[in-house]
Structures are given as structure tokens and as C-alpha cells.
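What follows is each chain in one-letter form.
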Amino acid sequence: MATNRTFTMIKPDAVADHHIGGILSMIEQGGFRIVELQKVALSAERAGEFYAVHRERPFYHDLVRYMSSGSIVAAVLEKDNAVADFRTLIGATNPANAADGTIRKKYAKSIEANAVHGSDSDENAQIEAEFFFGK
Ligand code: CMP
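Below: a short report on this structure. (Residues numbered from 1 in each chain as written. Predicted model: local features only at pLDDT ≥ 70, side-chain atom pairs only at ≥ 80, totals over all residues. Heavy atoms only, no water.)

## Regarding the side chain of Glu128
- If you trace the backbone, Glu128 turns up in helix 7 (residues 122-133).
- This buried residue, Glu128, is left without a salt bridge; Arg87 holds the nearest opposite charge, at 7.8 Å.
- Ignoring anything within four residues of it in the chain, the contact list for Glu128 reads Phe7, Phe50, His117 and Ser119. (Helix = DSSP H or I, 4+ residues; strand = E, 2+ residues; numbered from the N terminus. Buried < 20%, exposed > 50% of the residue type's maximum accessible area, 1.4 Å probe, protein only. Lys, Arg positive; Asp, Glu negative; His and termini not counted. Salt bridge = Lys/Arg side-chain N within 4 Å of Asp/Glu carboxyl O. Contact = heavy atoms within 4.5 Å.)

## Examining the pattern of salt bridges
- Inspection of every chain in the model, using the stated rule, returns six salt bridges.
- Of the charged contacts in the structure, one is a salt bridge between Asp85 and Lys79, with a shortest N-O distance of 2.6 Å.
- With relative accessibility at 25%, the residue Asp85 sits in the partly exposed group.
- One salt bridge in this structure joins Asp100 and Lys105, with 3.7 Å as the shortest N-O distance.
- Judged by relative accessible area, which is 42%, Lys105 ranks as partly exposed.

## Considering the site of the ligand
- Taken together, Lys11, Tyr51, His54, Phe59, Leu63, Thr93, Arg104, Ile111, Glu112, Asn114 and His117 make up the full set of residues adjacent to the ligand.
- Here an oxygen atom of the ligand and a backbone polar atom of Ile111 are 3.4 Å apart.
- Between an oxygen atom of the ligand and a side-chain N or O atom of His117, the distance comes to 2.8 Å.
- Burial of the ligand by the surrounding chains reaches 80%, relative to a free accessible area of 450 Å². (Near = heavy atom within 4 Å. Polar contact = N/O pair within 3.5 Å; in protein donor to acceptor, adjacent residues only side chain to side chain. Areas by Shrake-Rupley, 256 points an atom, 1.4 Å probe, with all protein chains shown as cover.)

Right under this line is the structure:
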């Protein structure tokens with residue numbers, strides 16, 4: 001995937017709280033084009049696979065339980081400088097540190113239930129997009 005694409009998930013808390021529309025609106029207002037979009041429930045096995053890079057972290061098992069607790073929305077987004085610009089739009093992982101005007105500042109509840117995921121590199125954006133949408 002080119003450097004102008006990134007991958008995002010709207011997480012179970014934000015989906016359950018009816019924030020899909022509000023978050024997609026902030027994404028589009030931020031200049032991103034939605035290339036792929038899918039609402040899906042992850043099994044614990046699939047959630048564990050997606051976050052396998054965090055397998056050794058103390059929060060891994062809670063994260064897998066949380067990410068398989070309800071539906072998520074997966075999307076591929078397009079914009080120049082997509083990965084970095086999207087991380088700016090979503091704000092810090094911990095919403096306590098998220099800047100005003102960011103998606104997490106507005107919608108995140110905690111460091112775990114932080115409303116959205118955003119890829120941290122071009123390489124991971126491609127891997128994560130393929131996890132949901134194939135090549
Ligand atoms: P995300 O950007 O999707 O990447 C890993 C996820 O783990 C993170 O968002 C949070 O939802 C979750 N998480 C829970 N606890 C922590 C923590 N202490 N540090 C980082 N991520 C955490």
C-alpha cells in the first residue's frame with residue numbers, strides 16, 4: 001500500500017455508543033477519503049491475531065477481550081501523508097493526553113476503550129488493511 005493510505009478501526013465502545021457517524025464525519029472533514037469500509041464482529045482469536053505485536057504486554061488479554069466484546073468498523077483511508085496525519089487527527093493513545101479537537105479527546109473513554117485505532121507506519125497500515133480487506 002502506498003504512503004497515502006492508512007488503516008483504522010472504530011472500536012467496540014464507540015460503535016456501541018452510536019459514534020460511527022460522528023467519527024466517520026471527523027475523518028472525512030479531516031480530508032481523508034474512505035476507500036474501504038466494513039462493520040464486523042471480531043472473535044477473540046482474530047482480535048488476538050490483529051494485536052499479536054502486543055502479545056507480551058500486560059494489557060494484551062484485556063485488550064483482546066475488549067476488542068471482541070462487540071462490533072468494530074474497519075476502514076482504509078486515503079490522503080497525502082495518511083499515517084502521520086491520521087495519528088494527529090486521532091490524538092494520543094491515552095485520552096487524558098489527547099489534544100483538543102482530536103477524535104480521542106471527543107470520544108475515547110479510557111486508554112483501552114480509546115474509540116479508534118490508527119496504524120503507526122506505512123508497513124503496518126498495509127498489513128492491517130490486508131487483515132480485513134485482503135490484497
Ligand atoms: P491502539 O492504538 O489500537 O493500539 C494498542 C491498544 O492497546 C491501544 O490502542 C489501546 O486500546 C490498548 N491499550 C490498553 N492499555 C494500554 C497501555 N497501557 N498502553 C498502550 N495501549 C494500551
